[in-house]
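Summary of the model geometry
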Amino acid sequence: MPLHKILHINENTTAYFWHITEDVTSLFRAVSLRDTSLFRLEGMKSEEHQKGFLAVRMLLQHLGYNDYDLTYDEAGKPHLMPEAGSWKLEETPSPNTQHPSSIIQHISISHSHEFSCICISDELMGIDLEKLKEKTLKIAPRFMGVKHLENLTTSEQIEKATVIWGVKESIFKIKNEKGISFPEHIFEDEFDLKDGKCTAKLHFNNQIENFYIQFYNVEAYIFVCAFPNK
Ligand SMILES: CC(C)(COP(=O)(O)OP(=O)(O)OC[C@H]1O[C@@H](n2cnc3c(N)ncnc32)[C@H](O)[C@@H]1OP(=O)(O)O)[C@@H](O)C(=O)NCCC(=O)NCCS
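All of these numbers come straight from a predicted model, not from anything done at the bench.

Time to look at the packing of aromatic side chains. Scanning the model with the defined rule gives 7 aromatic pairs in all. Their ring planes at 65° and their centres at 6.5 Å tell us that Phe172 and Phe182 sit as a pair that is edge-to-face. One end of the pair, Phe172, is in helix H6 (residues 154-175); the other, Phe182, is in helix H7 (residues 182-185), with 10 residues separating them in the sequence. The class for Phe172 is partly exposed, based on a relative accessible area of 31%. Take Phe182: its relative accessible area is 14%, and that puts it in the buried class. Ring plane angle 65° and centroid distance 5.5 Å describe the contact between Phe191 and Phe215, whose orientation is recorded as edge-to-face. In this pair, Phe191 is assigned in the loop between strand S8 (186-188) and strand S9 (197-204) and Phe215 in strand S10 (residues 207-218), connecting sequence segments 24 residues apart. Residue Phe191 is classed as buried on the basis of its relative accessible area of 8%. Each member of the aromatic cluster is reached from another via a ring pair, and the members are Phe143, Trp165, Phe172 and Phe182. Of note, Arg40 hangs over the ring of Tyr72, and the distance from its end group to the ring centre comes to 5.1 Å.

Structural data, given as structure tokens:
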């Protein structure tokens, strides 16, 4: 299956979803991989993980990027090379146009079951895609304030716990710092599921940082995108 969905989060930020219906071999044949990626792919234990990884490369290629445009830091956070996708925004750029490669493009990646997702933005952000499942509600006391689940139906509780999990994963992906604990350092403020947005705070290293979050239902998943407050 090709690109499944494009979500315009704000004027600088877009998320792209790939519905993985292909087998590993078809995905593998459709992408070019750098040696380090091949090595990672070969080391993955599950086929689901391999498909998720390859589907991210399908998304990159769909957008005019490729695996060679992507690097990872020591912690595993992905970055687009500064010159990635140069001029892809315009077929024939005019001499007065700002070169797109002078704008830093941030990327965040998530995969869950049969979907892979990437988000590209001029702003720093982190994303998470998470399948709705009862297990997230069962483990909720381990990572969130369960008072946020009061007065909700069970399906709403699953949804809200999944959003909060995604909020914490997304903030973790922005910060990319060792030692951040979901229950001890990231605190979600009160919010209504129907609003599709919320705020959260990170208390870490004697600092408090605020985050703004937008969340969406995508098929049987919750998609979360977090931004540091400016
Ligand atoms: C790294 C982590 C955020 C990945 O999240 P996940 O839900 O397992 O997987 P997702 O599919 O959503 O995201 C995986 C992608 O995150 C990105 N990623 C990995 N490490 C990252 C980091 N340190 N910073 C930012 N992004 C990172 C990668 O792009 C990765 O995909 P890829 O390697 O195929 O490119 C997660 O495993 C983690 O370590 N979380 C923090 C630990 C924690 O506190 N856990 C819960 C305690 S209650």
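Further notes follow.
Now for the domain arrangement of the protein. Along its sequence, the protein is organised into domain 1 (3-80 + 104-123) and domain 2 (131-217). Every contact between the two is made by 11 residues of domain 1 and, on the other side, 6 residues of domain 2. The junction of domain 1 with domain 2 conceals about 710 Å² of combined surface from both sides, 42% of it contributed by carbon and sulfur atoms. If you look at where domain 1 meets domain 2, you find 6 residue pairs in polar contact (both at pLDDT 80 or more). Secondary structure elements with two or more residues in the side of domain 1 that touches domain 2: strand S1 (3-10) and strand S5 (106-112). Examining the composition of the side of domain 1 that touches domain 2, we find that 4 residues originate from one element, S5, more than from any other. A per-class count over the side of domain 1 that touches domain 2 returns 4 nonpolar, 4 polar and 3 charged.

Another point: the site of the ligand. Surrounding the ligand, one finds 18 residues, the nearest of these being Arg40, Tyr72, Ser110, His111 and Asn176. Between the ligand and Asp128, the relevant distance is 3.0 Å, taken from an oxygen atom to a side-chain nitrogen or oxygen of the residue. In the complex, the protein chains occlude 72% of the 920 Å² of accessible area that the ligand would expose alone. For the shell around the ligand, the elements supplying multiple residues, two or more each, are S5 and H6.

In this section: the pairing of S10. Pairing of S9 with S10 involves 8 bridges; the strand directions are antiparallel. Opposite Lys201, over in S10, you have Asn210 as the bridge partner. Taking the residues that link successive antiparallel strands as the turn, the S9-S10 hairpin has 2 residues, and the phi of Asn205 there is positive, at about 50°. Direction of pairing for S10 relative to strand S11 (residues 221-228): antiparallel, over a ladder of 8 bridges. Bridge pairing links Ile213 to Ala226 in S11. Between S10 and S11, which pair antiparallel one after the other, the connecting turn spans 2 residues, and Glu219 there sits at a positive phi close to 50°.

Rules used in this analysis
Here, residues in each chain are numbered from 1, in the same order as that chain's written sequence. Where local features are concerned, this predicted model is filtered to residues with pLDDT of at least 70; where side-chain atom pairs are given and counted, the filter is 80 or more; whole-chain, interface and lining totals use all residues. Excluding hydrogens and water, the side-chain values take into account all heavy atoms of the structure. When the centres of two rings from Phe, Tyr and Trp lie within 6.5 Å, Trp using its six-membered ring, the rings pair. Their planes under 30 degrees apart give stacked, over 60 give edge-to-face, and anything left gives tilted. Under the DSSP-based scheme used, a helix requires at least four consecutive residues in state H or I and a strand at least two consecutive residues in state E, with every element numbered from the N terminus. Exposed residues in this analysis have more than 50% of their type's maximum accessible area, buried residues have under 20%, and partly exposed residues fall in between, with area computed by a 1.4 Å probe over protein chains only. Working rule: Lys NZ or Arg CZ, within 6 Å of ring centre, within 35 degrees of ring normal, means a charge sits over the ring. How far each domain reaches was decided by an automatic or database domain assignment. Contacts were defined at the residue level, with two residues in contact if any of their heavy atoms lie within 4.5 Å. What gets called buried area is simply the loss in accessible area from a 1.4 Å probe that two parts show on being joined, summed for both. Counted as a polar contact is a pair of N or O atoms within 3.5 Å, where, for protein atoms, one must be capable of donating a hydrogen and the other of accepting one, and residues adjacent in sequence contribute only when both atoms are in side chains. Each residue is assigned to one of three groups, with Ala, Val, Leu, Ile, Met, Phe, Trp, Tyr, Cys and Pro labelled nonpolar, Asp, Glu, Lys and Arg labelled charged, and all others, Gly among them, labelled polar. Near is defined per residue: the residue qualifies when any heavy atom it owns lies within 4 Å of the molecule or strand. Only the protein chains shown count as cover for residues, and the accessible areas themselves come from Shrake-Rupley with a 1.4 Å probe. Between any two strands, pairing holds if DSSP finds at least two bridges.

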